[in-house]
Structures are given as structure tokens and as C-alpha cells.
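One letter stands for each residue in the lines below.
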Amino acid sequence: MKCPFCTYAESKVIDSRPTDEGERIRRRRECLKCGKRFTTYEVVETLPIVVVKSDNSRQPFDGEKLLNGLLRACANRPVSLETLQGVVDDIEAKLQSSLDREVSSKYIGELAMEKLKSIDEVSYVRFASVYRQFKDINSFMEELSKLLKEK
């Protein structure tokens, strides 16, 4: 790490501790040439996830967009915002841990439906009805029948 005072390239770490959020590491360093101390922060670098839409357009993954869709599906249902934020975080972590930098919106929707199914079945059916774009009552009933068979 280059010293901000004398630009010498070598320094030693005096103290190292996580920040409040645990997302970064704060390090106190001392320059080996001039002896002055300075602070650096170490952050994990994440690669952007690109979502491939059904029309083959591409856009960066947006957790807020997914959260808004889940919130609409869970409107007037006993599902907390913290639970839904946890779902979004889990999905984003799964996407980050995969080696694919491009994922289809269909895959993200399937992950969201899988999580919703175990949280609230009504919200799951609401999300599925928009996501799968049920054309008529029969396709809607087929999804409900699958849900009932799983129980």
C-alpha cells in the first residue's frame, strides 16, 4: 500500500478490524519510510450480474426490482419486509456464487417462486400468475392443482 504522505510503497499493518456492517476491513498502517500512520479499507470486489431478459436484452441485476415484485405479490399477506429482503439477499448470493455472469430472468423468477412457495402459498400463486403470465383460468387452475398435489 502506497503511503499517502511520502508515496513509499511499503507499509506495515498495525491494527485490523471489521467495520460495523462486517462488509469491509479497516486497517491502520504505518509507513516504513516516514513512520506516519494512515487508514485503509479493504472491500470484497463483486462482479456485476447481467440479467438476460426474454427479449434477449441485457441489464444489470437489480435487487430492488426483485424486492418490489415480491412486495406486490405479498401485499396484504403476513410476510415481513425482512423476510422478503432475506429472499432477495439469498437469490443474489446464489447468483454471485455461480460462475455465470449472465443469468436469465426466467431463472431468477424460478428462484423467487421456489422461495415464496415455502413462505406463503397465496403470495407464491400471485407471483406465479404474473411471472408465468397465465393466459386463462385453466392454466391458473393447473398451477393450483400442482400446489395441492405437493401438499
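As the structure is a prediction and not an experimental result, all values here were calculated from the model.

Caption draft 1: Expanded view of the overall build of the protein. Broken down by element type, the protein carries five helices and six strands. Reading the protein from its N terminus to its C terminus gives the helix and strand order β-β-β-β-β-α-α-β-α-α-α. For 151 residues, the compact-globule estimate of 2.2 N^0.38 gives 15 Å, and the C-alpha radius of gyration of the protein, at 23 Å, exceeds that figure by more than 25%. Counting only C-alpha atoms, the protein reaches 75 × 35 × 25 Å along its principal axes. Per-residue burial over the protein gives 27% buried out of 151 residues. Sequence separation of 24 or more characterises 40% of the internal contacts of the protein that already satisfy a separation of 6 or more. A total accessible area of about 10400 Å² is found for the protein, and carbon and sulfur atoms account for 50% of it. Across the protein, 27 positive and 25 negative side-chain charges occur, with their mean positions spaced 5 Å apart.

Caption draft 2: Seen up close, the packing of helix 4 (residues 121-131) against helix 5 (residues 137-150). Interaxial distance between helix 4 and helix 5 falls to 11 Å at its minimum, and their mutual angle equals 145°. You can see that helix 4 and helix 5 cross each other, and the crossing is right-handed. Here E121, Y124, V125 and S129 of helix 4 come into contact with helix 5, specifically with F140, E143, L144 and L147. Along the lines of polarity and charge, the residues of the contact of helix 4 with helix 5 split into five nonpolar, one polar and two charged.

Caption draft 3: Fine view of the packing of helix 1 (residues 63-73) against helix 2 (residues 81-97). Their axes nearest at 10 Å, the elements helix 1 and helix 2 cross at an angle of 135°. One finds that helix 1 runs oblique with respect to helix 2. At the point where helix 1 passes helix 2, the crossing takes the right-handed sense. Contacts between helix 1 and helix 2 involve G63, L66, L67, L70 and L71 from the first element and L81, L84, Q85, V87, V88 and I91 from the second. Of the residues in the contact of helix 1 with helix 2, the class split is nine nonpolar, two polar and no charged.

Parameters and conventions
Residues numbered from 1 in each chain as written. Predicted model: local features only at pLDDT ≥ 70, side-chain atom pairs only at ≥ 80, totals over all residues. Heavy atoms only, no water. Helix = DSSP H or I, 4+ residues; strand = E, 2+ residues; numbered from the N terminus. Rg over C-alpha atoms; globule rule 2.2 N^0.38 Å. Buried < 20%, exposed > 50% of the residue type's maximum accessible area, 1.4 Å probe, protein only. Contact = heavy atoms within 4.5 Å. Areas by Shrake-Rupley, 256 points an atom, 1.4 Å probe, with all protein chains shown as cover. Lys, Arg positive; Asp, Glu negative; His and termini not counted. Charge placed at Lys NZ, Arg CZ, Asp CG, Glu CD. Axes fitted to C-alpha atoms, helices over the stretch in contact; angles between N-to-C directions. Left-handed = near helix turned anticlockwise from the far one by under 90°. Nonpolar A, V, L, I, M, F, W, Y, C, P; charged D, E, K, R; others polar. Parallel < 35°, antiparallel > 145°, perpendicular 65-115°, else oblique.

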